[in-house]
Amino acid sequence: MSILTINNALAGGVLLRAGMLFYGLWQDAHMSVKYTDIDYSVFTDAARSVWNGGSPYERSTYRYTPLLAWVLTPNIWLHPTFGKWLFVMCDCLVGYLIICILRERKLSEHIAAAYSMLWLLNPQVATISTRGSAEAIVCVTVMAAFYAFQRKHIIWGAICFGISVHLKIYPIIYALPMLVVLDRAAFSNTSTPSLSFWGKMKCAVTKQRLMFFLVSGGIFIGLNIVFYAFYGREFLNETYIYHISRKDHRHNYSMWFLPIYLKFFSPASIAMGLLSFLPQALVVTVLGVAFGNDLYFATFLQTFAFVAFNK
């Protein structure tokens, strides 16, 4: 009997993360070097501020959407590890969505289980969620959007995508291949005749694309309006504007590390920080459009390029 089954893959992923989470609690209690990511303490402090009726931005270095602080308020009234278990659950859901996507692409159960193990049984992936990083929530909303698009559920996909972009702005790059996929032929199962330039421009505006734009944009803008009403300009500054103007000379894996380091205290560093976005945006845009017919390949290339060119 083969061990490469979906149930075994999922069970292995859950057990690996549970074991690492409990080990992390022991390390935090007995060792000077902590297992828990400092960001988890930031999340918890922000959640405490929200629970007490204040602003999450009362906690310095909290530069995320208030939605995350609201979701993590059970860290205060239920148990301090609630957030970690939530991140672990989202992490495992990503593995399950990988399986669903592969099965939709007509791969066998054994092959789908084997590929999903690259995520579910990967200790580097499991470390991120068990240390208390919230990236798993972003990952699961993005993967849910992809799966919904594969099933041609545009509204559900747009909702998930709008939430993912609100949580962290960088998934916005995936809108390009999604829009490429949302052509009339793909969603009507009919072939598109040869058209003139203006004919192609006219066909570019489809019901599916408008629906995706309105729903995902409505979710993103709606959440921002709600939190702006609560927290004002501080919400925009900390959640979005900070990440655009941010200067960081510590990320020495970045291709921009040395020039930013040398010019850190120079007025030119501000312009350099903004200009460094241009090649990143250009490459990501070209890849998203050029390879958009294969959503997963295009988004992989975009992610790889986004990280490679990141400042």
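Residues numbered from 1 in each chain as written. Predicted model: local features only at pLDDT ≥ 70, side-chain atom pairs only at ≥ 80, totals over all residues. Heavy atoms only, no water.

### Concerning the overall build of the protein
Point 1. Within the protein, the secondary structure is distributed over 18 helices and zero strands.
Point 2. The proportion of buried residues among the 311 residues of the protein is 43%.
Point 3. Summarising the internal contacts of the protein: among those between residues at least 6 apart in sequence, 69% fall at separations of at least 24.
Point 4. When the accessible surface of the protein is totalled, it reaches about 17,100 Å², and 70% of it is carbon and sulfur. (Helix = DSSP H or I, 4+ residues; strand = E, 2+ residues; numbered from the N terminus. Buried < 20%, exposed > 50% of the residue type's maximum accessible area, 1.4 Å probe, protein only. Contact = heavy atoms within 4.5 Å. Areas by Shrake-Rupley, 256 points an atom, 1.4 Å probe, with all protein chains shown as cover.)

### A short note on the packing of aromatic side chains
Point 1. Considering all chains together, one arrives at 23 aromatic pairs under this definition.
Point 2. Ring centres of Tyr23 and Tyr35 lie 6.0 Å apart, and the angle between their planes is 85°; this geometry places the pair in the edge-to-face category. Of this pair, Tyr23 sits in helix H1 (residues 6–30) while Tyr35 sits in the loop between H1 and helix H2 (38–51), and the two are 12 residues apart along the sequence.
Point 3. A relative accessible area of 41% places Tyr23 in the partly exposed class.
Point 4. By relative accessible area, which is 9% here, Tyr35 ends up buried.
Point 5. Measuring from centroid to centroid gives 6.0 Å for Phe227 and Phe235, while their planes differ by 50°, and the two rings are tilted. Both residues of the pair, Phe227 and Phe235, count as buried.
Point 6. Positioned over the ring face of Tyr40 is Lys84, at 5.5 Å from the centre of the ring. (Phe/Tyr/Trp six-rings, centres within 6.5 Å; stacked < 30°, edge-to-face > 60°. Lys NZ or Arg CZ within 6 Å of the ring centre and 35° of its normal.)

### Some points on the pattern of salt bridges
Point 1. What the rule picks out here adds up to seven salt bridges.
Point 2. Here Arg131 makes a salt bridge to Asp37, at a shortest N to O gap of 4.0 Å. Of the two residues, Arg131 is situated in the loop between helix H7 (123–130) and helix H8 (135–150) and Asp37 in the loop between H1 and H2; the sequence distance between them amounts to 94 residues.
Point 3. A relative accessible area of 29% places Arg131 in the partly exposed class. (Salt bridge = Lys/Arg side-chain N within 4 Å of Asp/Glu carboxyl O.)

### Quick look at the UniProt feature "transmembrane region" (unreviewed entry) in the protein
Point 1. Under the local residue numbering, the UniProt record ascribes the feature "transmembrane region" (unreviewed entry) to residues 7–26, 82–102, 153–173, 210–232, 253–275 and 281–309.
Point 2. For residues 281–309, the end-to-end C-alpha separation is 9 Å, with 83% helix and 0% strand making up the annotated structure. (UniProt positions renumbered as here; feature names shortened; annotations may be inferred.)

### Topic: a nonpolar patch on the surface
Point 1. A cluster of nonpolar residues, Val205, Leu210, Phe213 and Leu214, forms a patch on the protein surface that exposes about 440 Å² of accessible area.
Point 2. Position of Phe213 relative to the elements: it lies in helix H13 (residues 207–231).
Point 3. We classify Phe213 as exposed; its relative accessible area is 57%. (Patch = residues over 30% accessible without salt bridge, like charges linked within 9 Å, V, L, I, M, F, W, Y side chains within 5 Å.)

### Comments concerning the environment of Ile98
Point 1. Examined against the element boundaries, Ile98 turns out to sit in helix H5 (residues 82–104).
Point 2. Placed 18 residues apart in sequence, Ile98 and Ser116 show a C-alpha to C-alpha distance of 6.0 Å.
Point 3. When near neighbours in sequence (up to four residues on either side) are disregarded, Ile98 contacts Ser116, Trp119 and Met143.

### Concerning the environment of Ala158
Point 1. By secondary structure assignment, the location of Ala158 is in helix H9 (residues 154–167).
Point 2. As for Ala158 and Ile219, which are separated by 61 residues in sequence, their C-alpha atoms are 8.4 Å apart.
Point 3. Discounting chain neighbours no more than four positions away, the residues touching Ala158 are Phe149, Phe212, Val215 and Ser216.

### A look at the nonpolar core
Point 1. With 62 residues, the main nonpolar core has Phe43 and Tyr62 as its most contacted residues.
Point 2. Apart from the residues lying within four places of it in its own chain, the contact partners of Phe43 are Tyr62, Tyr64, Leu68, Leu72, Phe87, Gly132 and Ala134. (Core = buried A, V, L, I, M, F, W, Y, C linked by side-chain atoms within 4.5 Å.)

### A closer look at the packing of H5 against H8
Point 1. Close contact between H5 and H8 brings their axes to 8 Å; oriented N to C, the two are set at 20°. On the basis of the axis angle, H5 is roughly parallel to H8. Considering the relative orientation of H5 and H8, their crossing is left-handed. Side by side, H5 and H8 meet where Leu86, Phe87, Cys90, Asp91, Leu93, Val94, Leu97, Ile98, Cys100, Ile101 and Glu104 of the first sit next to Ala136, Ile137, Cys139, Val140, Met143, Ala144, Tyr147 and Gln150 of the second.
Point 2. Residue classes in the contact of H5 with H8 are distributed as 16 nonpolar, one polar and two charged. (Axes fitted to C-alpha atoms, helices over the stretch in contact; angles between N-to-C directions. Parallel < 35°, antiparallel > 145°, perpendicular 65-115°, else oblique. Left-handed = near helix turned anticlockwise from the far one by under 90°. Nonpolar A, V, L, I, M, F, W, Y, C, P; charged D, E, K, R; others polar.)

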